[in-house]
Structures are given as structure tokens and as C-alpha cells.
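Structural overview
Chain by chain, the residues run as shown.
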Amino acid sequence: ALASLITLSGFAIAPPSNAAASSYADWTSPAYDGGNTNFDPQAVINATNIQNLQVQWIYQVPQNPFSIPGTAPALGIETNPLVVSGYVFIATPYNRLIALNAASGHEVWSFQVNMSDFTHDPWWAQAYIISSLSYYSGVVYFTASDTTVYGLSAYNGSVVFEIPDTGANIPGNTGYYFGEKAPQI
């Protein structure tokens with residue numbers, strides 16, 4: 001299945017030099033800002049010029065590397081992209097976080113959770129999903145399908161911290177669980 005977005009190999013240690021200068025260029029939360037306002041105050045794109053927009057690049061999301069019995073195939077992305085300091089961040093339902101260069105669409109780095117590591121956890125609901133990301137102070141946050149919360153360096157994808165299995169072994173919980181939403185920081 002095809003999904004459109006961005007791709008480049010290698011690691012960045014600083015934001016791309018072509019980062020947008022506008023004070024409204026960043027989209028750091030799933031609903032634009034930490035207040036979840038769903039409002040972007042930019043006025044550059046408007047009713048009089050929207051017809052002039054052009055596709056700048058297309059990104060092919062990699063295929064799901066996992067074949068886990070009982071789960072639906074994971075295709076495309078479900079996250080709202082975050083845009084920060086010249087990077088675009090997306091996540092696939094199969095737990096891959098991808099950083100793209102916003103100007104070129106090239107992949108800068110990616111981080112893949114090994115879903116095979118938790119497929120036999122008795123409490124996991126066998127769901128492929130990541131529906132949001134969040135960003136704060138150089139760190140991109142997401143919750144993997146097994147409810148592990150990750151914080152990754154926005155610049156090179158290295159793990160800043162990991163809180164494993166936040167949905168497992170909670171007294172009183174008797175069902176199956178999966179991670180979906182990123183923490184709001």
C-alpha cells in the first residue's frame with residue numbers, strides 16, 4: 001500500500017539548515033500546540049492563494065516488517081505529522097518513528113520498536129497503532145503498541161528514555177491493552 005509523505009539516510013546532529021524561519025513554522029503537538037487548540041495562526045496560506053500550492057515531495061512509507069498472527073495489516077500512517085525545526089516526524093502503526101527533512105522529504109533517521117518482543121505478552125491486545133506523537137525540548141515522544149513510552153532525540157533518533165509496559169500489571173485491570181497516544185508534555 002502506498003502512503004505519501006518523505007525520505008534521506010544518515011543522522012543529523014542539528015536541525016537542517018533550511019529550517020523555516022517563520023515563528024509559526026513548527027507544529028509540535030497532534031492538535032498544533034500543547035493546548036490542543038487545532039488552530040495554526042499562520043496567514044501565509046489563505047483562500048486567495050491556496051490554488052497555487054504544489055506538491056514538493058512524496059514519501060513512501062516502508063512496508064510493515066512484522067507478520068503477527070491475529071493482527072490486521074498495518075498500512076500507511078495514522079499520526080498527524082509533527083513539524084519542528086525543519087524536521088517532519090511521523091509514526092507507522094507498526095511502531096516505526098521516522099524523521100524526515102521537511103524541505104527535501106529525505107529520511108534523516110528512523111527508530112523501529114521490535115514488536116516481536118511483546119507479541120506473547122498475555123495482556124497485549126494485538127493492535128498495530130500509533131495515533132499521535134508529541135515534542136518537547138528536543139525530544140519526540142510516543143507510546144509503542146505494548147504501552148512502552150519512548151522519548152527519542154529529535155536530531156538523531158537515539159533513545160533518551162524508555163518507560164516499559166506502562167499498561168501491564170496494573171492492579172484491577174483485567175483486560176487487554178495497547179499503546180496509542182503520545183504523552184502530552
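Model, not experiment: these values are computed from the prediction.

Things to note about the sheet that holds strand β8 (residues 159-163)
As a general point, the strands of a sheet are linked pairwise by backbone hydrogen bonds and lie either parallel or antiparallel. If you walk across this open sheet you meet the four strands as β5-β6-β7-β8, and the pairing is antiparallel. Whereas interior strands pair on both sides, the edge strands pair on one side only; in this sheet they are β5 (134-136) and β8. Here the average twist between neighbouring strands, direction ignored, is 20°. Looking at chain direction, β5 and strand β6 (residues 139-143) are connected through three bridges and run antiparallel. When the sheet's bridge partners are listed, S134 is paired in β6 with Y141.

Describing the environment of S67
Structurally, S67 can be placed in the segment before β1 (82-84). Taking C-alpha positions, S67 is 9.0 Å from S116, a pair spaced 49 residues apart along the chain.

Things to note about the nonpolar core
If you look at the biggest cluster of nonpolar residues, it comprises 35 residues, and the most contacted ones within it are F89, L97, W109, M115, L133 and F142. Tallying contributions element by element places strand β2 (residues 87-91) first for this core, with five residues. Discounting residues that sit within four places of it in the chain, M115 has contacts with F66, I68, Y94, N95, W124, Y128 and S145.

What about the packing of aromatic side chains?
Applying the stated criterion to the full structure yields seven aromatic pairs. Residues F111 and F142 carry aromatic rings whose centres are separated by 6.3 Å and whose planes lie at 65° to one another, so their mutual orientation is edge-to-face. One end of the pair, F111, is in strand β4 (residues 107-112); the other, F142, is in strand β6, with 31 residues separating them in the sequence. For the pair F111 and F142, a shared accessibility class is recorded, and that class is buried. In this structure an aromatic cluster arises from ring pairing among Y87, F89, W109 and Y155.

Concerning the pairing of strand β3 (residues 96-101)
β3 sits mainly inside the fold: six of its six residues count as buried. In β3, alternate side chains face the same way, and those of R96, I98 and L100 on one face and L97, A99 and N101 on the other are all buried. Sheet analysis places β2 next to β3, joined by five bridges and oriented antiparallel. For F89, the partnering residue across the bridge sits in β3 and is A99. What sits between β2 and β3 in their antiparallel hairpin is a turn of four residues, with N95 showing a positive phi close to 70°. Judged from the five bridges that link them, β3 and β4 form a sheet pairing that is antiparallel. For L100, the partnering residue across the bridge sits in β4 and is E107.

Some words on the sheet that holds β2
If you walk across this open sheet you meet the four strands as β1-β2-β3-β4, and the pairing is antiparallel. Each edge of the open sheet carries a strand with a single partner, namely β1 and β4. The sheet shows a mean angle of 20° between the axes of neighbouring strands, taken without regard to direction.

Some points on a nonpolar patch on the surface
Together, V44, I45, I50 and L53 line one region of the surface with nonpolar side chains, adding up to about 390 Å² of accessible area. Tracing the backbone through its elements, the reader meets L53 in the segment before β1.

Considerations on the confidence of the model for the chain
Taken over all residues, the pLDDT of the chain has a mean of 78, while the share at 70 or more is 77%. In this model residues 1-23 is a low-confidence stretch, pLDDT under 50, and it forms 61 contacts with partners more than four residues away in sequence or in other chains.

As for unusual backbone geometry
Residue S137 is not a glycine yet carries a positive backbone phi of 50°. Topologically, S137 is positioned in the loop between β5 and β6. You will see that T147, though not glycine, has its phi angle at about 75°, which is positive. Considering the arrangement of structural elements, one finds T147 in the loop between β6 and β7 (149-153). Judged by its relative accessible area of 5%, T147 falls in the buried class.

The rules behind these values
Positions within a chain are numbered from 1, following the residues in the order the chain's sequence is written. Given that this is a predicted model, residues contribute local features only at a pLDDT of at least 70 and side-chain atom pairs are listed and counted only at 80 or more, while totals for whole chains, interfaces and linings are drawn from all residues. Calculation of side-chain values draws on the structure's entire complement of heavy atoms; hydrogens and water are dropped beforehand. Two strands qualify as a pair provided that DSSP identifies no fewer than 2 bridges between them. Secondary structure follows DSSP: runs of H or I at least 4 residues long count as helices, runs of E at least 2 residues long count as strands, and numbering of each begins at the N terminus. In this analysis, axes come from line fits to C-alpha atoms, helices being fitted only over the stretch in contact, and the angle between any two N-to-C directions falls in the range 0 to 180 degrees. By convention a nonpolar core is built from buried Ala, Val, Leu, Ile, Met, Phe, Trp, Tyr and Cys residues, the set being connected through side-chain atoms within 4.5 Å. Here the term buried applies to any residue with accessible area under 20% of the maximum for its type, exposed to any over 50%, and partly exposed to those in between, with areas from a 1.4 Å probe on protein chains only. Contacts were defined at the residue level, with two residues in contact if any of their heavy atoms lie within 4.5 Å. In this analysis, rings of Phe, Tyr and Trp, with Trp reduced to its six-membered ring, are considered paired at centre separations within 6.5 Å, and the interplanar angle assigns stacked below 30 degrees, edge-to-face beyond 60, and tilted for intermediate values. Patch definition: residues with relative accessible area over 30% and no salt bridge; like charges joined within 9 Å; nonpolar side chains (Val, Leu, Ile, Met, Phe, Trp, Tyr) joined within 5 Å. Note on areas: Shrake-Rupley, 1.4 Å probe, and residue coverage restricted to the protein chains presented here. For this document, the term salt bridge refers to a Lys or Arg side-chain nitrogen within 4 Å of an Asp or Glu carboxyl oxygen. pLDDT measures how confident the predictor is about each residue, on a scale from 0 to 100.

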